[in-house]
Amino acid sequence: MARRRSGPARPPRENRQEETTQDTIRTEGVVLEARPNTTFLVQLDAGPEILAHVGGKMRRHYIRILPGDRVVVEISTYDPEKGRIVYRK
Amino acid sequence: MILKRRAELEVMAEACAINSAALEAVEAALRVGVSTAELDKVAEDAILARGGKPAYKGYNGFPATLCTSVNEVVVHGFPSDEPLKDGDIVSIDIGTFYRGYAADMARTYAIGTVPVETRRLLEVTERSLYAGIAAAQAGARLGDVSAAIQDVVEGAGFWVVREFVGHGIGRDLHEPPEVPNFGRAGTGPVLRPGLVLAIEPMVAQSRSRVLIADDGWTAYTENRSLAAHFEHTVAITEDGPWVLTERRAAGNSAKAAAETGGVHGA
């Protein structure tokens, strides 16, 4: 009598890493301008203007961003010119 | 993996002898028009008469002594009152417990006249079993057995069923390791003397998934291509593989068996 093959042991799916965690700095700013490809020019409260895209979780929930919105931005520690919008106030 | 002592192998050989004798009784009853339920009765009587116990009956709820798998059924078909027809193929899979040890074997038979291509399916599947047995040498790896089977089957243009595998056997019908009929030579655990394997290629005529019917057992090819199944219980020894279920008595080696090719029933 043949044995049913035990399936390839599927490793438990790791909790997807939160977009928020590592190697980022969170700050706030104001959206100045909508740019192509759903990127935005954001004036950080600390001064500099950076280019930021909209985080995946926000896209999923169709949260719209308009110039003038206050937003929370995560900035990569590797490239301080770019960021990700993770929250609209 | 559970290794058996020589004395245990002797007992397993006895269990296998009973099992083989019962299969022979079934073979003698094979003909066009007989139902698989009748064959099941023959098998059960033959096993009980020799002091054995049907190993499948009640195993995870399996209802019968034999697995009778007709045509596109790969394995684990239930015996039924449906008579076998001219041109069918039927796999008879039989297991016995005797003095605490299990025996397991299977053969596929042509009923009446079958097309040449069907006959070739049976021949290739049996040949792949013996290729696997010949690779089951002490010191070889499990993958060598798998690859030897796969080479023969795929070399002949048939499909190795992936969903089911052979297994270790001993005090339990199914023990580790799993023995797939596909794989790479030189991989897997090393085979050591005292290990006993049920090697059982399951082969479909064409590439297909294998599904399980609503009864929870009957495994059939999704594309309904015919499937064959041959199985032996084989002990790994210093002197080479010992085919415990082989009917040709003393001194059989896998090689000799492979050369004579084995006989097709019906």
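Above this text sits the structure in question.
What comes next is a walk through the structure. (Residues numbered from 1 in each chain as written. Chains lettered and ligands numbered in written order. Predicted model: local features only at pLDDT ≥ 70, side-chain atom pairs only at ≥ 80, totals over all residues. Heavy atoms only, no water.)

**As for the sheet that holds strand β6 (residues 159-160) of chain B**
Residue and element names in this part refer to chain B.
Step number 1: The three strands are arranged β6-β10-β13 in an open sheet whose pairing can be described as antiparallel. Each end of this open sheet is capped by a strand with a single partner; those strands are β6 and β13 (227-229).
Step number 2: Of the pairings in the sheet, the one linking strand β10 (residues 202-204) to β13 comprises three bridges and is antiparallel in character. Counterpart to Ala 204 in the pairing with β13 is Ala 227.
Step number 3: Contacts between helix α3 (residues 116-134) and the sheet are confined to β10 and β13, with β13 contributing the most and set at about 35 degrees to the helix. (Pairing = 2+ DSSP bridges. Helix = DSSP H or I, 4+ residues; strand = E, 2+ residues; numbered from the N terminus. Contact = heavy atoms within 4.5 Å. Axes fitted to C-alpha atoms, helices over the stretch in contact; angles between N-to-C directions.)

**Looking at the pairing of strand β2 (residues 66-70) of chain B**
Residue and element names in this part refer to chain B.
Step number 1: For β2, a buried count of four out of five residues is recorded, marking the element as mostly surrounded by other parts of the structure.
Step number 2: In terms of strand pairing, β2 meets strand β4 (residues 89-98) through five bridges, oriented antiparallel. Opposite Cys 67, over in β4, you have Asp 93 as the bridge partner. (Buried < 20%, exposed > 50% of the residue type's maximum accessible area, 1.4 Å probe, protein only.)

**Description of the state of the cysteines**
Residue and element names in this part refer to chain B.
Step number 1: Tallied over the full model, the rule gives zero disulfides over all chains.
Step number 2: Here Cys 16 stays unpaired: no disulfide links it, and the sulfur of Cys 67, its closest cysteine neighbor, is 16 Å away.
Step number 3: Taking relative accessible area as the criterion, Cys 16 reaches 0% and is therefore assigned buried. (Disulfide = S-S within 2.5 Å.)

**A look at the pattern of salt bridges**
Step number 1: Enumeration over the complete set of coordinates arrives at 19 salt bridges over all chains.
Step number 2: Salt-bridge contacts for Lys57(B) lead to Glu44(B); the nearest nitrogen and oxygen are separated by 2.9 Å. Taken together, the positions of Lys57(B) in the loop between β1 (53-54) and β2 and Glu44(B) in helix α2 (residues 36-49) put the pair 13 residues apart, joining distant regions of the chain.
Step number 3: Taking the shortest distance from any N to any O, the salt bridge between Glu126(B) and Arg107(B) comes out at 3.3 Å. Taken together, the positions of Glu126(B) in helix α3 and Arg107(B) in strand β5 (residues 101-110) put the pair 19 residues apart, joining distant regions of the chain. The same class applies to Glu126(B) as to Arg107(B), namely buried.
Step number 4: Salt bridges sharing partners connect three or more residues here, namely Glu28(A), Asp45(A), Arg70(A) and Lys89(A). (Salt bridge = Lys/Arg side-chain N within 4 Å of Asp/Glu carboxyl O.)

**What to know about the interface of chain B and chain A**
Step number 1: On the chain A side, the residues contacting the 26 residues of chain B number six residues.
Step number 2: Surface buried jointly by chain B and chain A totals about 1200 Å² across both partners, of which 55% is contributed by carbon and sulfur atoms.
Step number 3: When residues of chain B are sorted by the area they lose upon contact with chain A, Val165(B), His174(B) and Glu178(B) head the list and together hold 37% of the total.
Step number 4: Looking at the side of chain B that touches chain A, the elements with two or more residues in it are β7 (164-168) and β8 (175-179) of chain B. (Buried area = accessible area lost by both parts, 1.4 Å probe.)

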